[in-house]
Amino acid sequence: EHMVGPIHTRIERVSSNDLEQWSRPEVVLEPTLPWEGHFFRAAGNPCVVRRDGQYWLYYSAGAVWLKDCGFIEPWNIGVARSKSLGGPWVKHQQPLIEPSYSVPHRNHGAGALKVFPDPVSGRLLGFNNGIFIDAEARSRSDIRLLLSDDGLSWSEAWDRPLVQPEPGWKNALVYALDVHAVGDELWMYYNARDGWAIGQER
């Protein structure tokens, strides 16, 4: 994710043969669709998976303002597909996941989605940190598991979070995650914030 300006981000790609010398950045995805933002035009949080002979790039788009924190978080989640990592990338024209007042844990923003193909079931596992406003009008985020058969339609695996805010270093928000296979386990790395406008992230 590359910051083009204070209210504009885009996704760029670099490559390396030795992880020391890197190519010049190439633009992969610019926010161009209405649901990718109006005042805050943003594309970020990329996650690429190989599926059906193509690369699928899941990304966050647009932004919502968290007034008690003083920063923005992602508004919608979309996907683009390409036969090559070098593109061109063709966007799905509608967001896959949007905020909804009917979903308490995603009532303010869609957050980000990290997708992991399940080698056993063939389904896609989606780890999502929705952005929500709680009953005390505070910004929150937790991490939930979504499931998909086709990579486009996503449903809740169950009505409880995998990781949620709790007193201490995870007091306010839990977000900014990634998931990787380590041996026969899945390991989740995530960010947590212990406060709102004044808070430390770990």
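Residues numbered from 1 in each chain as written. Predicted model: local features only at pLDDT ≥ 70, side-chain atom pairs only at ≥ 80, totals over all residues. Heavy atoms only, no water.

Caption draft 1: Molecular detail of the nonpolar core. With 14 residues, the main nonpolar core has Val49, Tyr58, Leu96, Ile97, Leu113, Val115 and Trp154 as its most contacted residues. Going through the elements one at a time, β4 (43-51), β5 (54-66), β6 (71-82) and β8 (113-117) are the ones with two or more residues in this core. If we ignore the near neighbours within four places in the chain, the residues touching Val115 are Cys47, Val49, Tyr58, Leu124, Leu125 and Trp154. (Core = buried A, V, L, I, M, F, W, Y, C linked by side-chain atoms within 4.5 Å. Buried < 20%, exposed > 50% of the residue type's maximum accessible area, 1.4 Å probe, protein only. Helix = DSSP H or I, 4+ residues; strand = E, 2+ residues; numbered from the N terminus. Contact = heavy atoms within 4.5 Å.)

Caption draft 2: Region of the structure containing the pairing of β6. Alignment of β5 against β6, held across 11 bridges, turns out to be antiparallel. Bridged to Tyr59 within β6 is Gly78. From the end of β5 to the start of β6, which pair antiparallel, there are four residues, and Gly70 there has a positive phi angle of about 85°. (Pairing = 2+ DSSP bridges.)

Caption draft 3: Looking closely at the sheet that holds strand β12 (residues 144-148). On the basis of which strands lie adjacent, the open sheet formed by four strands has the order β8-β9-β12-β13 and antiparallel pairing. Every other strand in the sheet has two partners, leaving β8 and β13 (155-156) as the edge strands with one partner each. Taken together, the five bridges between β8 and strand β9 (residues 124-128) define a ladder with antiparallel strand orientation. Looking across to β9, one finds that Lys114 is bridged to Phe127.

Caption draft 4: View of the sheet that holds β6. Ordered by their spatial adjacency, four strands build an open sheet running β4-β5-β6-β7, and the pairing between neighbours is antiparallel. The sheet terminates laterally at β4 and β7 (90-91), the two strands that pair on one side only. Strand direction decides the pairing type here: β4 and β5, joined by seven bridges, are antiparallel. The partner of Arg50 across the bridge, within β5, is Tyr55.

Caption draft 5: Here's a closer look at the environment of Ala135. Secondary-structure assignment places Ala135 in the loop between β10 (131-133) and β11 (139-141). As a C-alpha pair, Ala135 and Tyr175 span 40 residues in sequence and 19 Å in three-dimensional space.

Caption draft 6: Representation of the environment of Thr32 within the structure. Counting through the fold element by element, Thr32 comes out in the loop between β3 (26-29) and β4. When near neighbours in sequence (up to four residues on either side) are disregarded, Thr32 contacts Arg41 and Lys91. In this structure the side chain of Thr32 is engaged in a polar contact, spanning 2.9 Å, whose partner is the side chain of Lys91. (Polar contact = N/O pair within 3.5 Å; in protein donor to acceptor, adjacent residues only side chain to side chain.)

Caption draft 7: Main features of the pattern of salt bridges. Per the counting criterion, the structure on display carries 13 salt bridges. A salt bridge links Lys91 to Glu36; the nearest nitrogen and oxygen atoms lie 2.9 Å apart. In this pair, Lys91 is assigned in strand β7 and Glu36 in the loop between β3 and β4, connecting sequence segments 55 residues apart. In this structure, Lys91 and Glu36 share a single accessibility class: buried. (Salt bridge = Lys/Arg side-chain N within 4 Å of Asp/Glu carboxyl O.)

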